[in-house]
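# Observations on the three-dimensional arrangement
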Amino acid sequence: MKEASNNFKFATPLKTRVQSYQELLDFSSRWNDIFRGSLKWVFLLFFPLMIGLVHSQELPKIPLYIKQKTIQVEVAKTPAERAVGLMNRKHLGKDEGMLFIFEEEGYHSFWMKDTYIPLSIAFINREGRIVKIADMKPLALTSHSPPQPILYALEMNQGWFSKNGIKVGDLIRFSK
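These figures come from a predicted structure and were not determined experimentally. (Residues numbered from 1 in each chain as written. Predicted model: local features only at pLDDT ≥ 70, side-chain atom pairs only at ≥ 80, totals over all residues. Heavy atoms only, no water.)

## Observations regarding the pattern of salt bridges
- For the structure shown, the criterion picks out eight salt bridges.
- Note that Lys69 is salt-bridged to Asp95, the shortest N-O span being 3.5 Å. Placement of Lys69 in strand S2 (residues 69-76) and of Asp95 in the loop between helix H2 (79-84) and strand S3 (96-106) is noted, with a sequence separation of 26 residues between them.
- Judged by its relative accessible area of 24%, Lys69 falls in the partly exposed class.
- By relative accessible area, which is 21% here, Asp95 ends up partly exposed.
- We note a salt bridge from Lys167 to Asp170, for which the minimum N-O separation is 3.7 Å.
- Looking at Lys167, the relative accessible area reads 48%, which means it is partly exposed.
- Salt bridges sharing partners connect three or more residues here, namely Lys67, Lys167 and Asp170. (Salt bridge = Lys/Arg side-chain N within 4 Å of Asp/Glu carboxyl O. Helix = DSSP H or I, 4+ residues; strand = E, 2+ residues; numbered from the N terminus. Buried < 20%, exposed > 50% of the residue type's maximum accessible area, 1.4 Å probe, protein only.)

See the structure below:
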């Protein structure tokens, strides 16, 4: 058996180890910066897509009855659903709309930020009576508020209420 040569050194000199460790830290730091920067860009790129998924999710639809008319409405009952509403939509069916249901009566205001469809809104009290109807312009930041506390709001295509003879004081029913 041959003896191991003394020319081979098992220990790396301390200076070399410190230098290698510093390079490792520099490399790690650079990758951290890149990774953190990448996460920021991934978030910025995919956040709108995630919002789009929220917008595209189907909310439950129910029929509503106003005078002799039956309409189909999506129901926005959670704070997140109400916050999104009809934002970023390009189309709303002829007799379709969105019903906003609040946990408590209040002076709930609406605006048209990121909403491309011209809408009319009916503010509805606890008994189901329309207390105000207002037309809202697409993308406008004007706040539309009810004249008294409401529990519901109904958004329809602009002019839908007047075209169908629906006015303040009319009753909206959840069943025939």
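## Topic: the nonpolar core
- The biggest cluster of nonpolar side chains holds 18 residues, and the ones touching the most others in it are Phe100, Phe110, Leu119 and Ile121.
- Mapped by element, the contributors of at least two residues to this core are S3, strand S4 (119-124), strand S5 (130-136) and strand S6 (150-157).
- Sequence-distant contacts of Ile121, that is, excluding residues within four places in its chain, are made with Phe110, Lys132, Ile133, Ala134, Met136, Ala153, Leu154, Glu155 and Phe161.
- Ranked by size, the runner-up nonpolar core spans 16 residues in total, among them Leu99, Ile124, Phe161 and Ile166. (Core = buried A, V, L, I, M, F, W, Y, C linked by side-chain atoms within 4.5 Å. Contact = heavy atoms within 4.5 Å.)

Honestly, it's all geometry; don't read function into it.
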